[in-house]
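The chain contents come next:
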Amino acid sequence: MSVSNAPTALLLLIGGRQTPNILSAQFLRPQIIAPIASQQALQPGREWDKVKPILKQLSSQLLSPQAVNAFDLNDVQTACTTIMQQYHDMHWICNITCATTIMSIGAYEAGKACQASIWYFNTNGRQVVVLAGQAPQGNPYRLSVADYLQIYGRIVKPSEPPAQSWIDLAWILAGTPDEVLDFRELLRQAKTNTSYTAPRWLQQLPLTPSIAAWLPNILAAGLIDQVQAHSNGYDLHQCHPDLWKFFDGLWLEIVAWDAARRAGCFDDCCFGVEIPVAGQSANNQIDLALTFAASMLIGECKTEKDPFKTAHLDQLSSIADMIGGSFVGKLFITARSRQQVNPDTLRSFEDQAKAREIVVVTGEQLTELPSILEQEARKPTYPRV
């Protein structure tokens, strides 16, 4: 995506919020990234420590950061000029968005003298302001889920969009998610989780009136095609191999995916995204993957009876680390409602989630997911640094 035939080099200012730097590096995939960092930003645990692992994935050569006094204009300008002159055969692009105003002015003056393109990223307006040189050839803010993950070396296979009847059924279930978990247990007892080879009867299921009210929608979704009511329960004729898969958890992934579509702010929405692991038969899976302004939000959807396990949070964090680390928004979405959980268990789990910067969405919040997801895109609970 370079704006010139010459190899691209990207000069970045390290200090303050680093998302604009990630955006430009993702977009350009430059041969060289040259960081100019304030002395404060180079301290352990500060901006450089957070952004370095991501920048290493996005360039053939990440130079060691040049430390400068963030409030010394001459120091900044000299450092920027020196590095651009050292690699004078490159087409330089200076992203002057981050760090102090003095650093931005110094990088601007140096870039202008070296005939570099100079960009400022207005992330709130999804705009690149071109202060000198050539404009981006394309939109740095718009990426599909597949394109985003490919930047990080991940070839993915998203699930196909579901039928509208499945979406309608999923939202009905979202209104009473704890009862869905009860119904799944009845299906398990009827051995619906065993291999499906032909249409079969699931007999004498003791359905509550509210669960029985779902039957017309389950019929409309084509998961069953006959219902027989008896004094001791219901017989359901399963005619679709994915009846168990749907109630075992697919319904929640569909709710989360459609909630993102309803939010109306995301560039791309996918669910059930499989990421092949080299040399292994098993794949990593992202239940929910969303792109917004070239950043990624991922969600883990759980329909277990007891879903509040730290291992789930660790798995979500490990996937995020592969595709952008602390610059990836993370949500843990469960069908289990708060009132069904021991308060101490839930409090401990939420503390663990907070430590990992993961937003927890519980069963009673599922109908609010569109607004929750929009908030996490526009004004996240844990801002991407």
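Please refer to the structure higher up on the page.
Residues numbered from 1 in each chain as written. Predicted model: local features only at pLDDT ≥ 70, side-chain atom pairs only at ≥ 80, totals over all residues. Heavy atoms only, no water.

Asks: Sorry, what's going on with unusual backbone geometry here?
Replies: Trans is the prevailing form of peptide bonds, just as negative phi is the prevailing case for residues other than glycine. Although it is not a glycine, Arg126 sits at a positive phi angle of roughly 50°. Within the secondary structure layout, Arg126 lies in the loop between strand 6 (117-122) and strand 7 (127-132). For Arg126, a relative accessible area of 29% translates into the label partly exposed. One non-glycine residue, Ala294, adopts positive backbone phi at about 65°. Take Ala294: its relative accessible area is 1%, and that puts it in the buried class. (Helix = DSSP H or I, 4+ residues; strand = E, 2+ residues; numbered from the N terminus. Buried < 20%, exposed > 50% of the residue type's maximum accessible area, 1.4 Å probe, protein only.)

Asks: Looking at this model, I keep getting lost on the sheet that holds strand 15 (residues 358-361). Mind explaining?
Replies: Two orientations exist for strands paired in a sheet by backbone hydrogen bonds: parallel and antiparallel. What the 5 strands build is an open sheet, ordered 11-12-13-14-15; its pairing is mixed. Strands with a single pairing partner mark the edges of an open sheet, and in this sheet they are strand 11 (268-276) and strand 15. Averaged over all pairs of adjacent strands, the angle between their axes in this sheet comes to 30°, without regard to strand direction. Judged from the 4 bridges that link them, strand 14 (residues 328-334) and strand 15 form a sheet pairing that is parallel. Looking at strand 15, one finds that Leu331 is bridged to Val359. (Pairing = 2+ DSSP bridges. Axes fitted to C-alpha atoms, helices over the stretch in contact; angles between N-to-C directions.)

Asks: Sorry if this is basic, but what is going on with helix 4 (residues 101-113) here?
Replies: An α-helical turn contains 3.6 residues, so any two residues separated by three or four positions project in the same direction. The end-to-end C-alpha distance of helix 4 is 18 Å, a good match for the 18 Å that 13 residues give at a rise of 1.5 Å each. Three or more residues of helix 4 are buried, namely Met103, Ser104, Gly106, Ala107, Ala110 and Gly111. Each buried residue of helix 4 lies within a common arc of 165° when the element is viewed along its axis, so the set occupies one face. For helix 4, the exposed residues set more than 90 degrees away from the buried face come down to Thr101 and Ala113. Looking at the packing, one finds that the buried side of helix 4 touches strand 1 (8-14), strand 2 (32-38), strand 4 (66-68), helix 3 (73-86), strand 5 (91-95) and strand 6. (Expected span 1.5 Å × (residues − 1). Arc of directions from axis to C-beta. Contact = heavy atoms within 4.5 Å.)

Asks: Quick question: what am I supposed to make of the environment of Glu350 here?
Replies: For Glu350, the location among the structural elements is in helix 12 (residues 343-355). Look at Glu350 and you get partly exposed, because its relative accessible area is 25%. When the C-alpha atoms of Glu350 and Gln150 are compared, they prove to be 32 Å apart, with 200 residues separating the residues in sequence. In contact with Glu350, not counting residues within four places along its chain, are Arg338 and Val360.

Asks: What is the right way to look at the pattern of salt bridges in this model?
Replies: If the charged atoms of two oppositely charged side chains come close together, the side chains can form a pair. Taken as a whole, this structure holds 15 salt bridges when the rule is applied. Arg262 is the salt-bridge partner of Asp258, the closest N and O atoms lying 2.9 Å from each other. You can see Asp258 and its partner Arg262 sitting in helix 10 (residues 243-263), 4 residues apart, about one turn around the helix. Overall, Asp258 belongs to the buried group, its relative accessible area being 4%. (Salt bridge = Lys/Arg side-chain N within 4 Å of Asp/Glu carboxyl O.)

Asks: Please explain the pairing of strand 13 (residues 295-302) as it appears in this structure.
Replies: Within a regular beta strand, the side chains point alternately toward one face of the sheet and then the other, so they alternate between its two faces. In terms of burial, strand 13 is largely enclosed, as 8 of its 8 residues are buried. Here strand 13 shows a buried face lined by Ser295, Leu297, Gly299 and Cys301 and a second buried face lined by Met296, Ile298, Glu300 and Lys302. Bridge analysis of strand 12 (residues 283-292) against strand 13 gives 5 bridges, and the strand direction is antiparallel. Paired with Phe292 across the strands is Ser295, a residue of strand 13. As consecutive antiparallel partners, strand 12 and strand 13 are separated by 2 residues, and within that stretch Ala293 has a phi angle of approximately 50°, a positive value. With 7 bridges connecting them, strand 13 and strand 14 associate as parallel partners. Opposite Lys302, over in strand 14, you have Thr334 as the bridge partner.

Asks: What exactly am I supposed to notice about the packing of helix 6 (residues 164-174) against helix 10 here?
Replies: Any two packed helices are characterised by how steeply their axes cross, that is the angle between the axes, and by the distance between the axes. Viewed as axis vectors pointing N to C, helix 6 and helix 10 meet at an angle of 100°, and their least axial separation amounts to 8 Å. One element, helix 6, and the other, helix 10, form an angle in the roughly perpendicular class. Residues Trp166, Ile167, Leu169, Ala170, Trp171, Leu173 and Ala174 of helix 6 form the contact with helix 10, whose participating residues are Phe246, Phe247, Leu250, Trp251, Ile254, Val255, Trp257, Asp258, Ala259, Arg261 and Arg262. (Parallel < 35°, antiparallel > 145°, perpendicular 65-115°, else oblique.)

Asks: Before we go on, may I ask you to explain the packing of helix 3 against helix 4 in this structure?
Replies: For the pair helix 3 and helix 4, the least separation of the axes is 8 Å and the interaxial angle reads 40°. The orientation of helix 3 with respect to helix 4, classified from their angle, is oblique. Handedness of the helix 3/helix 4 crossing: right-handed. Residues Leu73, Val76, Gln77, Cys80, Thr81 and Met84 of helix 3 form the contact with helix 4, whose participating residues are Ile102, Met103, Ile105, Gly106, Ala107, Glu109, Ala110 and Gly111. Residues of the contact of helix 3 with helix 4, tallied by class, amount to 9 nonpolar, 4 polar and 1 charged. (Left-handed = near helix turned anticlockwise from the far one by under 90°. Nonpolar A, V, L, I, M, F, W, Y, C, P; charged D, E, K, R; others polar.)

Asks: Please explain the side chain of Asp287 as it appears in this structure.
Replies: Among the structural elements, Asp287 can be located in strand 12. Nearest to the buried, unbridged Asp287 among oppositely charged side chains is Lys302, at 5.6 Å. Beyond its immediate sequence surroundings of up to four residues, Asp287 is in contact with Glu253, Cys270, Phe271, Gly272, Gly299, Glu300 and Cys301. (Lys, Arg positive; Asp, Glu negative; His and termini not counted.)

Asks: For this particular structure, what's the right way to read the state of the cysteines?
Replies: Any covalent bond linking the sulfur atoms of two cysteines counts as a disulfide. With the rule as written, the count across this model stands at 0 disulfides. Summary of cysteine pairing: Cys80 is not part of a disulfide, and the nearest cysteine sulfur, belonging to Cys94, is at 6.7 Å. According to the relative accessible area criterion, Cys80 is buried, its value standing at 0%. (Disulfide = S-S within 2.5 Å.)

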